[in-house]
Each structure stands twice: as structure tokens, then as C-alpha cells.
Amino acid sequence: MTVHTHPDRHIDAVGLLCPLPVLKARKALLDMPAGAVLRLVASDPAAIIDVPHFCVEAGHTFLSAEDVGDTQVYLIQRG
């Protein structure tokens, strides 16, 4: 899997609790073309479960998750 160092869009959901990080990602992805990559930064511990589940349900590709300090960085490719 190729890690995208330059995503097409960035969403900062730090400080937001479930379900807001996923809702912000969903809204952003709706405006992006297929194949584009979204970088989502979140601090909600539930996001590690919610984001991959959302990707499966919505038809997007969950590329990666990485812990960066007190946050998690998710890369999602628009389906």
C-alpha cells in the first residue's frame, strides 16, 4: 500500500467526540472526486473503530491509521 504524503484534503477533528469526526469526514468526502485522499486528524478514542467501519459502510478505502502524539491520523481514499 502506498502512503500518500500529500493528501488532497485535510480535516482537523481534534477535540470532537463521536460521531463528529466521521460526520466531518463524510461531508468532506462527498465533495471529493473518486480516488482522492482525505487526511483526518482526530483525538476521539472511538475514532479508531468508527473511521474504518465508516469506510467499509460507505465504500471508501481505509488506507492507514497512525498515532501522532495525542491524536490519530487517518488516510481515507474516496470510493
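Residues numbered from 1 in each chain as written. Predicted model: local features only at pLDDT ≥ 70, side-chain atom pairs only at ≥ 80, totals over all residues. Heavy atoms only, no water.

## Topic: helix α1 (residues 20–30)
Among all positions in α1, only P21, V22, A25, A28 and L29 are buried. Around the axis of α1, the buried residues are gathered within 125° of arc, so they sit on the same side. Exposed residues on α1 whose side chains face more than 90 degrees from its buried face are K27 and L30. For α1, the elements touching its buried residues are β1 (9–13), β2 (37–42), α2 (47–58) and β4 (71–77). (Buried < 20%, exposed > 50% of the residue type's maximum accessible area, 1.4 Å probe, protein only. Helix = DSSP H or I, 4+ residues; strand = E, 2+ residues; numbered from the N terminus. Arc of directions from axis to C-beta. Contact = heavy atoms within 4.5 Å.)

## Observations concerning the sheet that holds β2
Strands sit in the order β1-β2-β4-β3 across an open sheet of four strands; the sheet is mixed. One side of each edge strand has no neighbouring strand; the edge strands of this open sheet are β1 and β3 (61–68). Between one strand axis and the next, the sheet turns through 15° on average, direction left out of account. Of the strands in this sheet, β2, β3 and β4 are in contact with α2, which crosses β4 at around 5°. (Pairing = 2+ DSSP bridges. Axes fitted to C-alpha atoms, helices over the stretch in contact; angles between N-to-C directions.)

## Some words on the nonpolar core
Residues L29, L38, L40, V51, Y74 and I76 are the most contacted members of the largest nonpolar core, which totals 17 residues. Here L29 is in contact with L38, F54, H60, I76 and R78, once residues within four sequence places are set aside. (Core = buried A, V, L, I, M, F, W, Y, C linked by side-chain atoms within 4.5 Å.)

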